[in-house]
Amino acid sequence: MELWKSQYYYILNYIVLLNSVLILLSSVSAQVSLPSKQDGFWYENRVTKTDSILIEAFFDPVCPDSRDSWPPLKLALNHYGSHVSLVVHPFPLPYHDNAFISSRALHIINELNTSATYRLLESFFGQQEKFYGKATFNMSKASVVDKITKFTSNAVGNSNYAAIKAGFTDPKTDQATRISFKYGCVKGVYGTPFFFVNGFPLPDAGSPLDYKAWRNILDPLVSPAGQLEG
């Protein structure tokens with residue numbers, strides 16, 4: 001009798017657990033729609049090839065650690081040239097002021113002129129203090145959007161102001177920014193900067209890597225038989 005009860009409760013618990021998993025999976029399936037194209041911004045239009053190394057970087061435009069990680073990574077990219085490709089995914093952290101709006105600006109510019117996307121990213125990195133803390137504490141969302149619109153226009157060319165302003169009312173740019181965040185979540189990203197090399201995450205997520213660290217990571221991959229000179 002006791003054995004029968006034990007088996008009964010085991011089966012009951014299994015059914016409850018299975019139903020919970022099915023509900024969770026159906027919920028996720030209903031909420032996440034497949035994007036029409038891959039997420040991310042390719043550096044210098046170096047789309048990855050089968051024989052090149054792919055770095056995926058998840059950056060928040062108003063994250064100081066993302067800012068500090070960019071110069072050594074850019075130096076490494078210039079050193080390796082076509083051997084290495086980079087795609088940056090905006091990952092707006094919810095605890096960083098105006099991260100979503102600034103990430104959306106990147107998507108807007110990328111639609112207007114892909115060659116200006118990294119110029120804007122570097123402009124955000126260079127003047128982050130304008131977009132968080134006391135600088136925007138008493139501003140409405142509309143005022144912040146206007147401020148970022150003007151900043152973006154100045155960074156990439158004033159002739160784009162009207163198109164950038166219109167981009168902030170286009171639901172497609174809002175959806176693209178959400179997809180970037182969801183893509184990071186699917187990949188297990190929980191902070192910025194966060195790096196993947198050929199699909200595998202690097203340790204010490206959330207901390208900048210210096211140039212020497214990038215060389216130590218990439219040299220054996222680019223030239224397995226011997227490290228590159230320089």
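Residue positions are given per chain, counted from 1 along the sequence in the order it is written. Whole-chain, interface and lining totals are the exception, using all residues; otherwise, since this is a predicted model, local features are given only for residues with pLDDT of at least 70 and side-chain atom pairs are given and counted only at 80 or more. Where side-chain values are given, they derive from all heavy atoms of the structure, hydrogens and water being excluded.

(A) Region of interest: the environment of Pro 90. Helix and strand assignments come from DSSP, with helices taken as H or I runs of at least 4 residues and strands as E runs of at least 2, each series counted from the N terminus. Position of Pro 90 relative to the elements: it lies in strand β3 (residues 84-90). In sequence terms Pro 90 and Pro 193 are 103 residues apart; their C-alpha atoms lie 10.0 Å from each other. Once you skip the residues sitting within four places of it in the chain, Pro 90 turns out to touch Asp 39, Phe 41, Phe 59, Ser 103, His 107, Ser 180 and Phe 181. The contact criterion used throughout is that any non-hydrogen atoms of two residues lie within 4.5 Å.

(B) View of unusual backbone geometry. Cis geometry is adopted by the peptide bond preceding Pro 193, which originates at Thr 192 and carries an omega value of -5°. In this structure, Pro 193 sits in the loop between α7 (171-186) and β4 (194-197). At Asn 98, a residue that is not glycine, the phi angle is positive and equals roughly 60°. Tracing the chain through its elements places Asn 98 in the loop between β3 and α3 (99-112). With a phi close to 50°, Asn 198 is a non-glycine residue in the positive phi region. Position of Asn 198 among the secondary structure elements: in the loop between β4 and β5 (200-201).

(C) Geometry of the nonpolar core. Joining through side-chain atoms within 4.5 Å is the link that ties buried Ala, Val, Leu, Ile, Met, Phe, Trp, Tyr and Cys residues into a set, and such a set is a nonpolar core. Only protein chains enter the accessibility calculation, which uses a 1.4 Å probe. A residue is then buried if its area is under 20% of the maximum for its type, exposed if over 50%, and partly exposed in between. With 43 residues, the main nonpolar core has Leu 73, Leu 86 and Trp 214 as its most contacted residues. For this core, the secondary structure elements donating two or more residues are β2 (53-59), α2 (64-80), β3, α3, α4 (117-126), α5 (141-156), β4 and α8 (211-222). Not counting residues within four places of it along the chain, the set of residues in contact with Trp 214 comprises Ile 55, Pro 72, Leu 73, Ala 76, Tyr 80, Phe 195, Val 197, Leu 202 and Leu 209. The next biggest cluster of nonpolar side chains, apart from the first, holds six residues, and it includes Phe 91, Leu 93, Val 189 and Phe 194.

(D) A look at α3. Expected helix span is computed as 1.5 Å times (number of residues minus one). The terminal C-alpha atoms of α3 lie 20 Å apart, and with 14 residues this matches the ideal 20 Å at 1.5 Å per residue to within 8%. The element α3 is extensively covered by neighbouring structure, given that 11 of its 14 residues are classed as buried. Residues of α3 that are buried make contact with β1 (41-42), β3, α4, α5, α6 (161-167) and α7.

(E) Molecular detail of the sheet that holds β5. In this scheme, strands are said to pair when DSSP sees at least two bridges between them. Taken in spatial order, the five strands of this open sheet run β1-β3-β2-β4-β5, and their pairing is mixed. Of all strands in the sheet, those bounded by a partner on one side alone are β1 and β5. As defined by bridge partners, β1 adjoins β3 across two bridges and the pair is classed as antiparallel. Residue pairing in the sheet places Trp 42 in a bridge with Val 87 of β3. A fitted line through C-alpha atoms serves as each axis, taken over the contacting stretch for helices, and the angle formed by two N-to-C directions is quoted from 0 to 180°. α4 rests against β1, β2 and β3 of the sheet, and its axis sits at about 60° to β3.

(F) Structural detail: the confidence of the model for the chain. Confidence of the predictor at the level of single residues is given by pLDDT, which spans 0 to 100. Across the chain, pLDDT averages 86, with 82% of residues at or above 70. When the criterion is pLDDT under 50, residues 2-30 qualifies, and its contacts beyond four places in sequence or with other chains add up to zero contacts.

(G) Molecular detail of the side chain of Asn 98. Residue classification places Asn 98 among the buried positions, given a relative accessible area of 17%. Asn 98 has contacts with Val 62, Phe 131, Thr 136, Val 144 and Ile 148, leaving out every residue within four places of it along the chain.

(H) Quick peek at the pattern of salt bridges. Salt bridge, as used here: a side-chain nitrogen of Lys or Arg that lies within 4 Å of a carboxyl oxygen of Asp or Glu. A full pass over the atoms with the stated rule returns eight salt bridges. With its nearest N and O atoms 2.6 Å apart, the salt bridge here joins Asp 174 to Arg 178. You can see Asp 174 and its partner Arg 178 sitting in helix α7, four residues apart, about one turn around the helix. Using a relative accessible area of 43% as the deciding quantity, one classes Arg 178 as partly exposed. A single network of salt bridges, built from pairs that share partners, joins Arg 104, Asp 174 and Arg 178.

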